[in-house]
Amino acid sequence: MNSFFSPSRAGPKPWPNRKKQTNKSAICLCSVSLLAVLFLSVFFITYSEIPKSIFSISSAFSGSVEFPQCRSEVLSRALLGQSFLLYAPHSGFSNQLSEFKNAVLMAMVLNRTLVVPPVLDHHAVALGSCPKFRVLSPSEVRVSVWNHSVELLRSGRYVSMGDVVDISSLVSSSAVRVIDFRYFASLLCGVDLETLCSGELAEQSKAYESLRQCGYLLSGVRGNVDGCLYGVDDDCRTTVWTYRNGGSDGRLDSFQADEKLKKKKKIAYVRRRRDVYKALGRGSEAESAAVLAFGSLFTAPYKGSELYIDIKKSSGVPEVKSLIEKVEFLPFVREVMSAGKRFATGTIKAPFLCAQLRLLDGQFKNHQESTFTGLNQKLESLSLKNPGPVHVFVMTDLPESNWSGTYLGDLARNSTKFKLHFLREEDEVIVRTEKELASAAHGQKFGSIPMSLDSIKKMQKHCSPQKVSNVQLYVEEAVCSCASLGFVGTAGSTIAESVEMMRKFNACSS
């Protein structure tokens, strides 16, 4: 028996009605035990659902933190005195491309070198909802993006946005300075490019620890670091960024949370329009920081305003107007466009309609009927004008095995009136394009900081991806840009908006 609980040490006299008291104590002890078990169960379930890299990054530096990357001599030697703009893309590819365009504008306005990010896996990082004032904080998004970027490097699936989208016109015209994320991380974090790109980032290695500490720094979890990092913590809940937009700086934005939402969600946020140059440019606290780190840079029109960035109205500024025109449409690289044209002319071999049908994801799941109704109306109209079957190229997230019982299944069976075409991931045109993109490595060709011959060789030898994701999506969009009978897209889909933009700029014929 444990002496701590022995009667000789207990001291107090025997209590009256001891049996009753013992029963009460037993019940109390059981209750406490059950609560403890319940707490531990919840903790372990929750812990298992937290990405381990994020959990470790937030717990590994519980004490005071010093960042060797931020020493002035290190910064000046590694980054050659340049200042950089980093941001955290998220969601699907179309959203990421939209953010990239906004980042180009921000980098030009703030005179910073843009760190070109990787293409993230579809929805590997989700922001939340700006209209509902329910989003991750900028530092949380930055942590998630950094961790996912490192995972892409470790798994040999890292593909730069510059590998997929043709940014040569931006760089050649000096409209914006850029640096590849891999080279930037190598310089700032002190990790050799060969190690960074080779997939040999063992979790206990010195290189992995350096990247982990770098990610912790650049996420801004512990705040800003003088002369090194300025993390922008203003997001779409509080801010709409403008540029030289009259006297609107500091004014309330037209879109605010309504009273019902404020009461239901206990929202106290107030959205203000702020001049990004005054807040983060010359003369600001952020000016001296080598790295200016945003969270999300996604925006969209909403209820008469913009969700986060409203710079396009600054078209009266000549340099901004010119750059807005340049980034309005950024085409895919030639390997993707060539594949799309090849499929259109070599496989479809006839005038065709493109139907982009998003049916499973998010809000679109509940609007299948209206999506099919629009397509049906277009096809009926074409059937009256065109003898023989109408050729239709279908890009959809609904697997072919699930077409039965849907309008797509009806179209597939009606082969006398319609001939459907679609791509599969294993098709030769997709496999070939993936290899061509990996080999071309367009993103490695652009950079405002000169690379040594040794660094160039290491990038070429070790940093080409073993696998390129999303290639089917890229080629499908290219095919749709060539649809001479028109295009039917899903309302509200950013993919549909991307295809419409390609068609507006005649991407297929250029």
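The coordinates are above.
Residues numbered from 1 in each chain as written. Predicted model: local features only at pLDDT ≥ 70, side-chain atom pairs only at ≥ 80, totals over all residues. Heavy atoms only, no water.

## A short note on the overall build of the protein chain
Piece 1. Each helix and strand in the protein chain was counted, giving 21 helices and 15 strands.
Piece 2. Taking all 510 residues of the protein chain together, the buried fraction comes to 49%.
Piece 3. If you take every contact in the protein chain between residues at least 6 apart in sequence, the share linking residues at least 24 apart comes to 79%.
Piece 4. Of the accessible surface of the protein chain, which amounts to about 25,600 Å², a share of 53% is contributed by carbon and sulfur atoms. (Helix = DSSP H or I, 4+ residues; strand = E, 2+ residues; numbered from the N terminus. Buried < 20%, exposed > 50% of the residue type's maximum accessible area, 1.4 Å probe, protein only. Contact = heavy atoms within 4.5 Å. Areas by Shrake-Rupley, 256 points an atom, 1.4 Å probe, with all protein chains shown as cover.)

## Notes on the packing of helix 20 (residues 471–480) against helix 21 (residues 494–504)
Piece 1. Packing of helix 20 against helix 21 leaves a shortest axis separation of 9 Å and a crossing angle of 45°. In terms of axis orientation, helix 20 runs oblique to helix 21. In the crossing of helix 20 with helix 21, the sense of the turn from one axis to the other is right-handed. Mapping the contact onto sequence places Leu 473, Glu 477, Ala 478 and Cys 480 in helix 20 and Ile 495, Ser 498, Val 499, Met 502 and Arg 503 in helix 21.
Piece 2. Within the contact of helix 20 with helix 21, the residues separate by chemical class into six nonpolar, one polar and two charged. (Axes fitted to C-alpha atoms, helices over the stretch in contact; angles between N-to-C directions. Parallel < 35°, antiparallel > 145°, perpendicular 65-115°, else oblique. Left-handed = near helix turned anticlockwise from the far one by under 90°. Nonpolar A, V, L, I, M, F, W, Y, C, P; charged D, E, K, R; others polar.)

## Here we look at the sheet that holds strand 14 (residues 418–421)
Piece 1. What the four strands build is an open sheet, ordered 14-13-12-15; its pairing is parallel. This sheet does not close on itself; its edge strands, each paired only once, are strand 14 and strand 15 (487–488).
Piece 2. Seen against the sheet, helix 20 touches strand 12 (352–357), strand 13 (390–396) and strand 15 and runs at an angle of roughly 150° to strand 13. (Pairing = 2+ DSSP bridges.)

## Looking at helix 19 (residues 453–462)
Side chains of residues three or four places apart in an α-helix project in the same direction, reflecting 3.6 residues per turn.
Piece 1. Those residues of helix 19 that sit buried are Ser 455, Lys 458, Met 459 and His 462. Looking straight down helix 19, one finds its buried side chains confined to an arc of 100°; they lie on one side. In helix 19, those exposed residues whose orientation departs by more than 90 degrees from the buried face are Leu 453, Lys 457, Gln 460 and Lys 461.
Piece 2. Check the buried side of helix 19 and you find it contacts strand 5 (178–180), helix 9 (181–189) and helix 10 (193–197). (Arc of directions from axis to C-beta.)

## Re helix 16 (residues 368–385)
Piece 1. An ideal rise of 1.5 Å per residue puts 26 Å on 18 residues; helix 16 measures up with 26 Å between its terminal C-alpha atoms.
Piece 2. Among all positions of helix 16, only Thr 371, Phe 372, Leu 375, Leu 379 and Leu 382 are buried. Projected down its long axis, helix 16 carries its buried residues within an arc of 90°, all on one side. Those residues of helix 16 that are exposed and aimed more than 90 degrees away from the buried face are Glu 369, Gln 377 and Leu 384. (Expected span 1.5 Å × (residues − 1).)

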